[in-house]
Amino acid sequence: MPSPLPVPTFFDPQRVGEVWRVPYEMRAAQAALWAKEHELTPAVMDEKRVCLLAIDVQNTFCIPDYELFVGGRSGRGAVDDNVRLCEFIYRNLGSITAIAATMDTHTATQIFHAVFWINEAGEHPPAMTMISLEDVETGVWRVNPAIAPNIAYGTADSLQAYALYYVRKLSQDGKYPLTIWPYHSMLGGIGHALVSAVEEACFFHSIARQAQTLFELKGGHPLTENYSVLKPEVTEDAQQRAIAQKNLPLISMLLDFDAVLIAGQAKSHCVAWTIDDLLTEIQAIHPKLADRIYLLEDCSSPVVVPGVVDFTDAADAAYERFAAAGMHRVKSTEPMASWLQ
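Residues numbered from 1 in each chain as written. Predicted model: local features only at pLDDT ≥ 70, side-chain atom pairs only at ≥ 80, totals over all residues. Heavy atoms only, no water.

With an unreviewed UniProt entry as reference, the protein chain is termed Isochorismatase, source organism Thermoleptolyngbya oregonensis NK1-22.

Shown next as structure tokens:
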């Protein structure tokens, strides 16, 4: 395995919590020189193929004061995570074959956004409202008929019938109640973009190793939540017509690597549920494949809203379960050679 590299001098950890323009041409020239100086070979030549899966490392989750900043218990969670993630990418440019960045991707009229629902007074639910099966059955919340033409699912009545089916399905499957999230990761908006410092590190890697960063969009279907990048919460309607599908191409791609390193936000939600879905696929194929998965614990933080909710223990319990199944819990600050088998 190649020796760890220095972190380029242009990287400024103090700016990781800010949004700025990446100077692509300058970084491309520097990356080419960096590759020559450190004798980096094209990624296609790697004997041990390693993929870094960076889950939802976007402004909306990672920049303070943005819509769903993941602060963890420290209050700086995602910012500090991304300092470590950038440094990890730079130090291990010669060992990371590919970087796959998932991107939570939304528009306004989706089932988990306020405009989708109204009450008897025509008011929309406040952000963080939990809409239960009983709420929909009794009409506390019902589908906003004005948005039906924006969604390819027939009439307002058919959309209302689907919404009832949807919350019932969540309840039957033991999933969280439907949550009305603040508008976030809006397609075309600045919150949707990768964190500038992480984008810069990915771009630097793509030039230095001559390997295109892979981008995987998730969450764009208006009729289902999609926490995991591998599978939406609901895949069929009451008539068993497909709503959305399991991401089989991404699953196949990940399991084709010799090792998959996983980081991102939030540890308690989209990261944990993606890992859980990946573990389900692994166990269906061969449990030994779990040995290829490495969880960069210091590059992910759980959702914590002080005085309201703290998912730290739930996230830790999930990671304990993943480790018991054969996955590895590792630190980005430790040399890869000390833990990558």
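The rest of the description comes next.
Draft legend 1. Spatial organisation of the overall build of the protein chain. A tally of helices and strands in the protein chain yields ten helices and twelve strands. Since a compact globule built from 341 residues should have a radius of gyration of about 20 Å, the 21 Å found for the protein chain is in line with a globular shape. Every one of the 341 residues in the protein chain was classed for burial, and the buried ones make up 53%. Within the protein chain, residue pairs in contact and separated by at least 24 positions form 77% of the contacts whose partners lie at least 6 positions apart. As presented, the protein chain carries roughly 15100 Å² of accessible surface, and 54% of it is formed by carbon and sulfur atoms. Separation of charge centres in the protein chain, based on 25 positive and 41 negative side chains, amounts to 4 Å. (Helix = DSSP H or I, 4+ residues; strand = E, 2+ residues; numbered from the N terminus. Rg over C-alpha atoms; globule rule 2.2 N^0.38 Å. Buried < 20%, exposed > 50% of the residue type's maximum accessible area, 1.4 Å probe, protein only. Contact = heavy atoms within 4.5 Å. Areas by Shrake-Rupley, 256 points an atom, 1.4 Å probe, with all protein chains shown as cover. Lys, Arg positive; Asp, Glu negative; His and termini not counted. Charge placed at Lys NZ, Arg CZ, Asp CG, Glu CD.)

Draft legend 2. Region of the structure containing the sheet that holds strand β8 (residues 259–264). Taken together, the six strands give an open sheet; going across it, the order is β7-β2-β1-β8-β9-β12, and neighbouring strands pair in parallel fashion. At either end of the open sheet lies a strand with only one pairing partner, and these are β7 (214–218) and β12 (328–330). Across the sheet, the axes of successive neighbouring strands diverge by a mean angle of 25°, strand direction being ignored. When strand β1 (residues 50–55) meets β8, the two strands line up parallel, connected through six bridges. By the bridge assignment for β8, A54 is matched with A263. Sheet strands in contact with helix α8 (residues 267–285) are β1, β7, β8 and β9 (293–296), and its direction is about 160° off that of β8. (Pairing = 2+ DSSP bridges. Axes fitted to C-alpha atoms, helices over the stretch in contact; angles between N-to-C directions.)

Draft legend 3. Local environment of helix α7 (residues 248–255). Those residues of α7 that sit buried are L250, I251, L254 and L255. One side of α7 holds all its buried residues, which, seen down the axis, span an arc of 125°. Opposite the buried face of α7, at more than 90 degrees from it, the exposed residues are L248 and P249. Packed against the buried residues of α7 are β1, β7, β8 and α8. Near the N-terminus of α7, the side chain that reaches the backbone nitrogen of L250, with its oxygen 3.1 Å away, is that of N247. (Arc of directions from axis to C-beta. Polar contact = N/O pair within 3.5 Å; in protein donor to acceptor, adjacent residues only side chain to side chain.)

Draft legend 4. Here's a closer look at the pairing of β9. Alternating residues of β9 divide into I293 and L295 and Y294 and L296, and every residue in both groups is buried. As paired strands, β8 and β9 are joined by three bridges and run parallel to one another. Residue pairing across strands places V260 opposite I293, the latter belonging to β9. Remark: the β8/α8/β9 crossover connection has right-handed handedness. Sheet topology note: the β9/β12 ladder contains three bridges and is parallel. Residue L295 lies in a different strand from β12, and its bridge partner there is R329. (Right-handed = clockwise from strand over helix to strand, strands pointing away.)

Draft legend 5. Local environment of the packing of helix α1 (residues 24–37) against helix α6 (residues 196–208). Interhelical geometry of α1 versus α6 gives an angle of 50° and a closest axis separation of 8 Å. Taken together, the axes of α1 and α6 are oblique relative to one another. Crossing geometry of α1 relative to α6 is assigned as right-handed. Contact residues: Y24, R27, A28, Q30, A31, A32, W34 and A35 in α1; E199, E200, F203, F204, I207 and A208 in α6. (Parallel < 35°, antiparallel > 145°, perpendicular 65-115°, else oblique. Left-handed = near helix turned anticlockwise from the far one by under 90°.)

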